[in-house]
Amino acid sequence: MLQRITSTTCCPTGPLSLETVGEIQLLIAVFFFSFSFVFQRQAMLNGMDPIVYNVYRYVISTIVLMAMKYVFKIEAQSESDESKASAKEDQQRKGEEETKRDYIKNMIFFGAILGCTNFGGSVFQQMGLVTVTAGKTGFITGMYVVFVPIFEHFLPQFHSSLTLASWIAALTSLVGLYLLSGCAEQETCFGGAIKEGEVLVFISMLFWVVSIMASDVGSKKLEVITLQMVDFQVTTVFTIILAMIYVPHKFDMGELLDNWVYVVVVGFSEAFAFTLSTMGQIYSTPSRAAILYSLEAVVCAILSFFCLNEELSWIEIIGATLMTVAAFISNSTGEDGDDESIDVESPTSLTADNTTTDNLSSDRLGDRSSHGLLSPDAKSKVYGSIELGRK
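On a predicted model such as this, the values are computed, not experimentally measured, just so you know.

Asker: Looking at this model, I keep getting lost on unusual backbone geometry. Mind explaining?
Answerer: Peptide bonds are, in most cases, trans, and in most cases residues other than glycine have a negative phi. A positive phi angle is found at K73, which is not glycine, with a value near 55°. Among the structural elements, K73 can be located in the loop between helix 2 (50–71) and strand 2 (74–76).

Encoded structure:
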């Protein structure tokens, strides 16, 4: 029997708005991500090769998602009104068969993008975790809260304005990274204080920025469980190929048995975390999602302190604080005008052939800025953003 869940299934709305429910789901995902950081770090401390470790964890995640899809018959989808209108318009204009083909193309397109960014981000991050503490990795990764608004500005699908506050946030975050890296406590900075591991984690952060942007568009068009399953299938295949090329000799069954807990826990955690985060982004803008993701840094530091006995110096704490302040400065830039969000009143599920089960309601997409209604121009921007990947 097919089970369908919406963004409100695990967090019933009641008096809460769907945006609030989406943010709760993002926060739960943040906890899962942070929790997995600690286990990843412990596996690296035990000497596991990062690429081999990624093979194991992604195989587990893929199996979990495939079980959710094919064994438990779970689907997760909640589309906003403008997405429903677009789907109905496509079906009327193109016909059911062509609409299905477009849906499959979009699924492959976004699944491939998410798989590639997941692969790149996880490989660089895992290699960085060999020498960088879990808490510091979480803080550096949290810099995407500054870069997401910048990406939004330059991508025509989002039409976000880049204000002076965005640049202030970027500079503040860079100063924070300088202090957090321990650079300020060294006589020379680029002579070795900013280490290779920290550079690798920074590169991984850029992959996560692209992942956030792609998830924002894909989550509003596609069934989430299937999207994440394709994502992890692509990631797993690329990771296995990489391992077979560079580290085929490092697959050790004894080492796997010694670290199986760290593999299984992370595999399950990330399957649920990526699914929840994608569902949460249905009703959030990329910038709003990014600031919630940045709280991963705080959770990472707390968990690392209690679980791994990792500590930060006062200088590094100041750097971490500056990065957190930069996160809030960056997210506040949309409050005065261009934080275009979608006012959604009720979730919608899809039938097995991807057509909507409930009647298309009246146009609830009003004119909103961050607190008001979307203008006609903003509506066209939203419709334009969800068409990415069709052509």
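More follows now that the structure is in view.
Asker: Looking at this structure, how should I read the side chain of N118?
Answerer: For N118, the position within the fold is in helix 4 (residues 96–128). By relative accessible area, N118 is classed as buried at 1%. Among the polar contacts made by the side chain of N118, one reaches the side chain of D231 at a distance of 3.5 Å. The residues touching N118, leaving out its near neighbours within four places in the chain, are Y58, W208, D231, F232, T235 and F274.

Asker: How should the nonpolar core be read in this particular structure?
Answerer: Nonpolar side chains in soluble globular proteins tend to end up buried together. Within the largest apolar cluster, 60 residues are counted, with the highest numbers of intra-cluster contacts made by Y144 and Y293. Examining the composition of this core, we find that eight residues originate from one element, helix 8 (residues 196–218), more than from any other. Among all residues touching Y144, those that are not within four sequence positions of it are P149, M205, W208, V209, I212, A290, Y293, S294 and E296. With 20 residues, the next largest nonpolar core counts F39, A43, I51 and L129 among its residues.

Asker: Explanation requested: the packing of helix 2 against helix 11 (residues 260–280) in the structure shown.
Answerer: Contact geometry of helix 2 with helix 11 gives a least axis separation of 8 Å together with a crossing angle of 50°. Taken as axis vectors, helix 2 and helix 11 run oblique relative to one another. Seen along the crossing, helix 2 lies across helix 11 with a hand that is right-handed. Within the contact between the two elements, helix 2 uses Y53, Y56, R57, Y58, I60, S61, V64, L65 and M68 and helix 11 uses Y262, V263, V264, V266, G267, F268, E270, A271, F272 and T275. Split into classes, the residues belonging to the contact of helix 2 with helix 11 amount to 14 nonpolar, three polar and two charged.

Asker: Help me out: how do you make sense of the confidence of the model for the chain in this one?
Answerer: Detailed conclusions should not be drawn from predicted coordinates in areas where pLDDT is low. On average, residues of the chain score 75 in pLDDT, and 70% of them reach the 70 mark or higher. At the level of individual helices and strands, the chain shows its lowest average pLDDT in helix 15 (residues 376–386), which scores 32, and its highest in helix 9 (residues 224–246), which scores 95.

Asker: Hey, could you run me through helix 2 in this one?
Answerer: Owing to its 3.6 residues per turn, the α-helix brings residues three or four apart onto one side. Across its 22 residues, helix 2 extends 30 Å between first and last C-alpha, which sits within 8% of the 32 Å expected from 1.5 Å per residue. The distance from a side-chain oxygen at the start of helix 2 to the backbone nitrogen of I51 is 3.0 Å, and the residue carrying that oxygen is D49. Directly after helix 2, the chain includes K73, whose backbone phi takes a positive value near 55°.

Asker: Would you mind showing me how to read the side chain of S211 here?
Answerer: The topology assignment puts S211 in helix 8. Excluding residues that lie within four positions of it along the chain, S211 makes contacts with L114 and T117.

Thresholds applied
Residues numbered from 1 in each chain as written. Predicted model: local features only at pLDDT ≥ 70, side-chain atom pairs only at ≥ 80, totals over all residues. Heavy atoms only, no water. Helix = DSSP H or I, 4+ residues; strand = E, 2+ residues; numbered from the N terminus. Buried < 20%, exposed > 50% of the residue type's maximum accessible area, 1.4 Å probe, protein only. Polar contact = N/O pair within 3.5 Å; in protein donor to acceptor, adjacent residues only side chain to side chain. Contact = heavy atoms within 4.5 Å. Core = buried A, V, L, I, M, F, W, Y, C linked by side-chain atoms within 4.5 Å. Axes fitted to C-alpha atoms, helices over the stretch in contact; angles between N-to-C directions. Parallel < 35°, antiparallel > 145°, perpendicular 65-115°, else oblique. Left-handed = near helix turned anticlockwise from the far one by under 90°. Nonpolar A, V, L, I, M, F, W, Y, C, P; charged D, E, K, R; others polar. pLDDT = per-residue confidence, 0-100. Expected span 1.5 Å × (residues − 1).

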